[in-house]
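As a plain string of letters, each chain reads:
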Amino acid sequence: KQEVTQIPAALSVPEGENLVLNCSFTDSAIYNLQWFRQDPGKGLTSLLLIQSSQREQTSGRLNASLDKSSGRSTLYIAASQPGDSATYLCAVLDNYGQNFVFGPGTRLSVLP
Amino acid sequence: DGGITQSPKYLFRKEGQNVTLSCEQNLNHDAMYWYRQDPGQGLRLIYYSQIVNDFQKGDIAEGYSVSREKKESFPLTVTSAQKNPTAFYLCASSGGVQPQHFGDGTRLSIL
């Protein structure tokens, strides 16, 4: 059964720092991996989606990489801002394209 | 604007009562999902549906039921058999293997 973990569970950094969030999954037979942002009491907003054949995706200050063989993905946030404070979750889609499995998330605080 | 609408935002359930959470999407997505989120935890899949009139149990389906009579709608009923229903419930949809889109959630509490 696929399991997804995220490290660290929580992270607090001063504004302007570059930071890396980690996501690991146990079964490399995935269709794609998605990074989400969740603000308190809200739903999830998709940030980046990486297909299994891709190595990375970029959107603005965000860059996500995927190493399927080692079961790892990283989300890199450049020049962090207080508005980046949120919980970041990763999710993998199984090879049948039916089931998303989510990690527990990393709670990020960017201090002004 | 296309999106997913969940209602109500807050819901209270009495002992022995069934309650239904609404989820509507106008994205023309085939697949819809219900997740439960508990504090400090990731999302756990309750039910999902790939097409109209068909749905499958997820990891924690016990005490819940769903229907998919229309493409746009995927209501979730929390039955009295669910002994610990207090949680944040999220509905999502996706068009094939495209990114999932989420609603803003329903917070269910016990009276």
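Predicted model, so just to flag it, every value in this text is computed and none were measured.

Another aspect to go through is the pairing of strand 4 (residues 31–37) of chain B. Residue and element names in this part refer to chain B. Within strand 4, seven of the seven residues are buried, leaving the element largely enclosed by the surrounding structure. In this structure, strand 4 lies alongside strand 9 (residues 87–94), joined through seven bridges in antiparallel fashion. The partner of Ala-31 across the bridge, within strand 9, is Ser-94. Two strands pair when backbone bridges link them, and strand 4 and strand 5 (residues 43–51) are joined in this way by six bridges, in the antiparallel orientation. Among the inter-strand pairings, Tyr-35 is bridged to a residue of strand 5, identified as Leu-45. Joining the antiparallel neighbours strand 4 and strand 5 is a turn of five residues, in which Gly-40 adopts a positive phi near 75 degrees.

Ranked by size, the top nonpolar core spans 22 residues in total, and within it Phe-25, Leu-33, Trp-35, Leu-75, Ile-77, Tyr-88 and Leu-108 of chain A carry the most contacts. The set of elements that each furnish at least two residues to this core consists of strand 3 (19–25), strand 4 (30–38), strand 5 (44–51), strand 7 (62–67), strand 8 (72–77), strand 9 (86–94) and strand 11 (106–111) of chain A. Once residues lying within four places of it in the same chain are set aside, the contact partners of Leu-33 of chain A are Cys-23, Phe-25, Leu-48, Leu-49, Ile-50, Leu-66, Ser-73, Ala-91 and Val-92 of chain A. Core analysis: the second largest hydrophobic core is formed by 20 residues, Leu-21, Tyr-47, Ala-61 and Phe-74 of chain B among them.

The rules behind each value
- Residues numbered from 1 in each chain as written.
- Chains lettered and ligands numbered in written order.
- Predicted model: local features only at pLDDT ≥ 70, side-chain atom pairs only at ≥ 80, totals over all residues.
- Heavy atoms only, no water.
- Buried < 20%, exposed > 50% of the residue type's maximum accessible area, 1.4 Å probe, protein only.
- Helix = DSSP H or I, 4+ residues; strand = E, 2+ residues; numbered from the N terminus.
- Pairing = 2+ DSSP bridges.
- Core = buried A, V, L, I, M, F, W, Y, C linked by side-chain atoms within 4.5 Å.
- Contact = heavy atoms within 4.5 Å.

Treat this as a map of the structure, not an account of what it does.
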